[in-house]
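Chain by chain, the residues run as shown.
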Amino acid sequence: MTSTKSFAISKRMVFEAWKRVKANRGSAGIDEQSVAEFEKNLSNNLYALWNRLASGSYFPPPVKQVPIPKKNGGIRMLGVPTVVDRVAQTVVKRYLEPTLDPLFDDDSYGYRPKRSAQQAVRVTRERCWKYDWVLEFDIKGAFDALDHGLLMRALKKHTNCKWVQLYVERWLQAPSMDEMQEPKRRDRGTPQGGVVSPLLMNLFMHYAFDRWIRSKMPQCRFARYADDAVVHCQTEQQARDLKDQLAERLIACGLQLHPDKTRIVYCRDSNRRGDYPVTQFTFLGFTFRPREAVARNGKLFTSFLPAVSREAQTQMRQTIRGWRLPHQTPGTLAEFSDTYGATLRGWWNYYGSFYPTAMECVFKHFDMALALWARRKYKRLARRRTASLHWLRRVAKRESHLFVHWRLWYANHQTLGAV
């Protein structure tokens, strides 16, 4: 019974939160305890956590800071909570999300139930056909810069649940721990990597940006994914005015536009011509720019379309190189399918949704790695590059079920562009 506890947090809430954490897996925090190790003493671990949460005595441990390389160079710090803290955060998120999510704007897509990055890309593509100009912007270090006072004020406006307010405030103030095991106090921001952090980011940006732009410039449409967003404008001057006003608005909220990732873009196509310095932008891994397309009457024209970005292509090819397929000569194609097939499918399901021919270079890179593997594995193919490619093509036709692009290219007798 929870009646003797300070807060009405049930054991069922903690157990359901654990199931979410287990399904999502994730790495260990500062205590080096993995999900599997936590599960070995599951009953006692969950009971101890419930007891502390329900009594108000739970204090989150420091967040492990893990450096993650950025696509454009440099690093960003990912905060990795412990397994027990992820369960605790999930309890709060599951309680709070049904209250907050219905408040959020229809054009907010990041980390929300039944919403996805693909939806944001799709609606952005359609609006680029209707609006001539786009303001692409990114907030510099958004997760690290959130003002705690403003965030807590917004939270208290929508929930009077004392234990939610208590634990959110404790998470905001929890220190981080770097590789030198030195704790660092935090007076701003929320760890990027925490379970509850994306929900808090959406709440903050709901007031800092979404409601603001609806009020100030209702004629402009936008798509926002956490701290990454694009706004569609009717004229260049409107885009310039918006950029200036938005910079002032974010400063008032303790945030700052990223100088290198904020640009005004002209959506040039066959009907919209002109010499403008910027005619492309990248949003959620897709680069929007003028591209060749085929009209219903079969004629070619230029449309403003998204396709997988060069940065994403490079990252995928680097991942494939990291698999070191040519050095796995004892391995088999079936084993490679089991190990890497899901990753290839995931790439295709996301990046192949728009202008799919742009994914060919990634899949060809994978096949070239397999061809080199075959030359090292089979003596008859050694030093015979062309022969190994012909061999691989025959295998792909015969066993097209092994990899997603083989099914597309061979089993369905299609090219990626026809999918």
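Here, the structure is the one placed above.
Every value quoted in this text rests on a predicted model; they were computed, and no experiment measured them.

Caption draft 1: The sheet that holds strand 8 (residues 263-266), seen in detail. With respect to topology, four strands assemble into an open sheet ordered 6-7-3-8, the strand pairing being antiparallel. Because the sheet does not close on itself, it has two edges, and the strands there are strand 6 (221-225) and strand 8. Adjacent strand axes in the sheet meet at a mean angle of 20°, parallel and antiparallel pairs treated alike. By the bridge criterion, six bridges tie strand 3 (residues 133-138) to strand 7 (residues 228-233) in an arrangement that is antiparallel. Bridge assignment links Phe137 to a residue of strand 7, and that residue is Ala229. Packing of helix 5 (residues 117-130) onto the sheet brings it into contact with strand 3, strand 6 and strand 7, and relative to strand 6 it is tilted by some 160°. Packed onto the sheet, helix 10 (residues 236-252) meets strand 3, strand 7 and strand 8 and runs at close to 20° relative to strand 3.

Caption draft 2: Fine view of the nonpolar core. Membership of the largest hydrophobic core comes to 71 residues, with the highest contact counts inside it found for Ile9, Val14, Leu53, Trp163, Tyr167, Phe209 and Val231. Counting residues per element, this core draws most heavily on helix 9 (residues 197-216), which supplies eleven residues. With residues near it in sequence (within four places) discarded, Val231 still touches Trp133, Val134, Leu135, Phe137, Phe209, Ile213, Cys220, Arg221, Phe222 and Leu242. One finds Ala223, Phe304, Trp323 and Leu392 within the second-largest nonpolar core, a separate group that totals 56 residues.

Caption draft 3: Examining the packing of aromatic side chains more closely. This model, assessed by the stated rule, comprises 30 aromatic pairs. Pairing Tyr47 with Trp50 gives two aromatic rings, centres 5.4 Å apart and planes at 50°, and the pair type is tilted. In this pair, Tyr47 and Trp50 both sit in helix 3 (residues 42-55), three residues apart, roughly one turn of the helix. Exposure remark for Tyr47: the relative accessible area of 46% places this residue in the partly exposed category. Between Trp323 and Trp347, the aromatic rings sit 5.9 Å apart at their centres with planes inclined by 5°, giving stacked as the arrangement. One end of the pair, Trp323, is in helix 11 (residues 310-323); the other, Trp347, is in helix 12 (residues 333-351), and 24 residues separate them in sequence. Of the two residues examined, Trp323 and Trp347, each falls in the buried class. Taken together, the aromatic side chains of Trp323, Phe336, Tyr340, Trp347, Phe366, Trp373, Tyr378, Trp391, Phe403 and Trp406 make up a single cluster linked through ring pairs. Above the face of the Phe59 ring, Arg170 is positioned so that its terminal group lies 3.7 Å from the ring centre. The residue whose ring lies beneath Arg291 is Tyr355, and the NZ or CZ to ring-centre distance is 5.4 Å.

Reading the values: rules and limits
- Residues numbered from 1 in each chain as written.
- Predicted model: local features only at pLDDT ≥ 70, side-chain atom pairs only at ≥ 80, totals over all residues.
- Heavy atoms only, no water.
- Pairing = 2+ DSSP bridges.
- Helix = DSSP H or I, 4+ residues; strand = E, 2+ residues; numbered from the N terminus.
- Axes fitted to C-alpha atoms, helices over the stretch in contact; angles between N-to-C directions.
- Contact = heavy atoms within 4.5 Å.
- Core = buried A, V, L, I, M, F, W, Y, C linked by side-chain atoms within 4.5 Å.
- Buried < 20%, exposed > 50% of the residue type's maximum accessible area, 1.4 Å probe, protein only.
- Phe/Tyr/Trp six-rings, centres within 6.5 Å; stacked < 30°, edge-to-face > 60°.
- Lys NZ or Arg CZ within 6 Å of the ring centre and 35° of its normal.

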